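Summary of the model geometry
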Amino acid sequence: MRECFELRDADAGGRIGELTVPRAETTVETPALLPVINPNLDTISPRRLAEEFGAEILITNSYIIHGTEDVREQALEEGLHELLDFPGAIMTDSGSFQLSEYGDIDVTTEEILEFQHEIGSDIGTPVDIPTPPDVSRERAEDELATTQERLEVAEDVDTGDMLVSAPVQGSTYPDLREEAGSHADATDLDVFPVGAVVPLMNDYRYDDMVDAVAAAKRGLGADAPVHLFGAGHPMMFALGVAMGCDLFDSAAYALYARDDRYLTVRGTRQLAELDYLPCSCPVCTEHSPDDLRALPDRDREEELAAHNLHVTFEEIRRIKQAIRAGNLLELVEQRARAHPAMLDGYRALLDHAAQLEQSDPVSKGSFFYTSHESARRPEVRRHHERVTRLETPDSLFLTEGEPARGDEYDESWRVEPPFGPFPRALSKSYPFTAELPERTDRAALEAAVEGVVRLVEANPETEVTLGHWGWPDGVLEAVPERVEVVDLMGDGD
Ligand SMILES: [Zn+2]
């Protein structure tokens, strides 16, 4: 177990954890948001971030500090915590972003890590190579090799009790991301950013982002704290957390405010287009859209940044509560409706249901079936695995709800969409207490039939009869021929 990170609660791939940051003598509860602070211009002061918004950790760029003479001298003299006036933990980035934007920077991993240590950073970062999506495989491999060499250099730099992050690259090649994850996990470094996903998010490629993160997670151990680098829009936090990301950083709150953009969990709005403010934060209760529009530029930017932060932190709290309550995937389902590309992201997440299932608790409070995607949730998949191991009698009647008939069989089990068959004794256990809409959809019926198929295939000796209430022929086609199928709607008794 990694000493700096402890898991407290889980739901799907999401978790509540505690990241111990020894240098800051503090623990940070995850999922956590790290507001990005530009040391040269802050829209909201770090002190205010801590006191008004409850920020436990922030991130700033050591490369900018290193390159700005007066700030560098002040940071070396007073330390970063004094310089920024922030009481929590401070993570520093290394200039990799500048490297990806401008193609060249003038520090090495060794120099920048030593500098981060000298100025009192709590979590430092080496100079990795953020390989963009869709590059040639050769380039992705070469650059990954360089990143991996730098992680090995980083291991040898004397950084005291500063935690050091180990970025996971590999472009859009899942096998490279997975290998990068395993390599990073085998180092003695501490925090694991999944890097270079910003171009994917900028292009609304949430499905590709999910695949990249899922691959990185397969390589990293379950105990690795994972940072989704550059992901700052609250619309996608629930999706990111459900994949197993623990840390997010937001420059978006300030950058968007500068362009009069107003963040919501359902997407971004232009202040110019808003007739109402759909939010109850202090900014939105004290101002009308016209008031905000009438403010001088600098004040408007600050008010919008404050609103953007309020929604951002609120969503993090909502996600933590959802993990506690065991309904994180229902929140992801809601967020997926904000944009078709988010829905693609959620559907891609469900492609990894087997991976999510490994950390998903066996029992939770509720299972609400709220979209046809619910039929692909890890709980359904788990039952389909489990059903093959259940002991069956010689003859078995499967039926929805109460047994309409069944005396002539050894046992009568329930068959409920989307899970499929299970012994009646399990009716009160999770997930069979699920709430479904009365108007069942085809995806739920198809998933139930898949459960029947798995049961029948695993028990060739058992004679199975399936009694259903008007399931369509197209759905029943998948039922093996040797199963007797009875439509109870047309059944006299
Ligand atoms: Zn607001």
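A brief look at the structure comes next. (Residues numbered from 1 in each chain as written. Predicted model: local features only at pLDDT ≥ 70, side-chain atom pairs only at ≥ 80, totals over all residues. Heavy atoms only, no water.)

**Side note on the coordination of the zinc ion**
- Within the first shell, the zinc ion binds the protein through Cys279 (SG), Cys281 (SG), Cys284 (SG) and His307 (ND1), at distances of 2.1 to 2.3 Å.
- Considering all four donor atoms around the zinc ion, angles at the metal cover 98 to 118 degrees and the coordination shape is tetrahedral. (Donors = N, O, S within 2.8 Å, 3.2 Å for Na, K, Ca; no water. Tetrahedral: all angles 85-135°; square planar, octahedral: opposite > 155°, others 65-115°.)

**Comments concerning the pairing of strand S12 (residues 261-264)**
- Sheet topology note: the S12/strand S13 (residues 267-270) ladder contains four bridges and is antiparallel. Looking at the pairing, tyrosine 262 lines up with arginine 269 of S13.
- Where S12 hands over to S13, the hairpin turn is made up of two residues, counted between the paired strands. (Pairing = 2+ DSSP bridges. Helix = DSSP H or I, 4+ residues; strand = E, 2+ residues; numbered from the N terminus.)

**Quick notes on helix H17 (residues 340-351)**
- The first and last C-alpha atoms of H17 sit 17 Å apart over twelve residues, in line with the 16 Å expected at 1.5 Å per residue.
- All of the buried residues along H17 are Ala341, Met342, Leu343, Gly345, Tyr346, Ala348, Leu349 and Leu350.
- Buried-residue contacts for H17 involve helix H10 (206-219), helix H11 (237-243), helix H16 (328-336) and helix H18 (353-357). (Expected span 1.5 Å × (residues − 1). Buried < 20%, exposed > 50% of the residue type's maximum accessible area, 1.4 Å probe, protein only. Contact = heavy atoms within 4.5 Å.)

**Observations concerning the environment of alanine 478**
- Mapped onto the elements of the fold, alanine 478 is located in the loop between helix H21 (473-476) and strand S18 (484-487).
- C-alpha separation for the pair alanine 478 and glutamate 450, spaced 28 residues apart in sequence, amounts to 7.7 Å.
- If we ignore the near neighbours within four places in the chain, the residues touching alanine 478 are Val449 and Val453.

**Re the nonpolar core**
- Formed by 102 residues in total, the largest nonpolar core has its most connected members in Tyr206, Met209, Leu228, Met236, Phe248, Val332 and Leu349.
- The element that contributes the greatest number of residues to this core is helix H15 (residues 297-325), accounting for nine residues.
- Leave out the neighbours within four places in its chain, and phenylalanine 248 touches Ala32, Leu33, Leu34, His227, Leu228, Ala231, Phe237, Gly240, Val241 and Ile316. (Core = buried A, V, L, I, M, F, W, Y, C linked by side-chain atoms within 4.5 Å.)

**What about helix H20 (residues 442-458)?**
- Over its 17 residues, H20 runs 24 Å from end to end, which matches the ideal 24 Å to within 8%, given 1.5 Å per residue.
- Among all positions of H20, only Ala444, Leu445, Ala447, Ala448, Val449, Gly451, Val452, Val453, Leu455 and Val456 are buried.
- Of the surrounding secondary structure, the elements contacted by the buried residues of H20 are helix H19 (378-386), strand S14 (395-399), strand S15 (411-416), strand S16 (420-422), strand S17 (463-468) and H21.
- Capping of H20 at its N-terminal end is provided by aspartate 441; its side-chain oxygen lies 3.3 Å from the backbone amide nitrogen of alanine 443. (Polar contact = N/O pair within 3.5 Å; in protein donor to acceptor, adjacent residues only side chain to side chain.)

**As for the packing of aromatic side chains**
- With the rule as written, the count across this model stands at seven aromatic pairs.
- Centroid distance phenylalanine 237 to phenylalanine 248: 5.0 Å. Interplanar angle 45 degrees. Geometry classified as tilted. You can see phenylalanine 237 sitting in helix H11 and its partner phenylalanine 248 sitting in strand S11 (residues 247-250), a full eleven residues away along the chain.
- Geometrically, the ring pair formed by phenylalanine 397 and tyrosine 409 is stacked, given 5.0 Å between the ring centres and 10 degrees between the ring planes. Pair noted here: phenylalanine 397 is in strand S14 and tyrosine 409 is in the loop between S14 and S15, with a separation of twelve residues, a long-range link.
- According to the relative accessible area criterion, phenylalanine 397 is buried, its value standing at 0%.
- Residue tyrosine 409 is classed as buried on the basis of its relative accessible area, which comes to 14%.
- An aromatic cluster of three or more residues is present, and its members are Phe367, Phe419, Phe422 and Phe432.
- Over the ring of tyrosine 256 we find arginine 261, and its NZ or CZ is 4.0 Å from the ring centre.
- Taking the ring centre of phenylalanine 367 as reference, the NZ or CZ of arginine 377 above it sits at 4.0 Å. (Phe/Tyr/Trp six-rings, centres within 6.5 Å; stacked < 30°, edge-to-face > 60°. Lys NZ or Arg CZ within 6 Å of the ring centre and 35° of its normal.)

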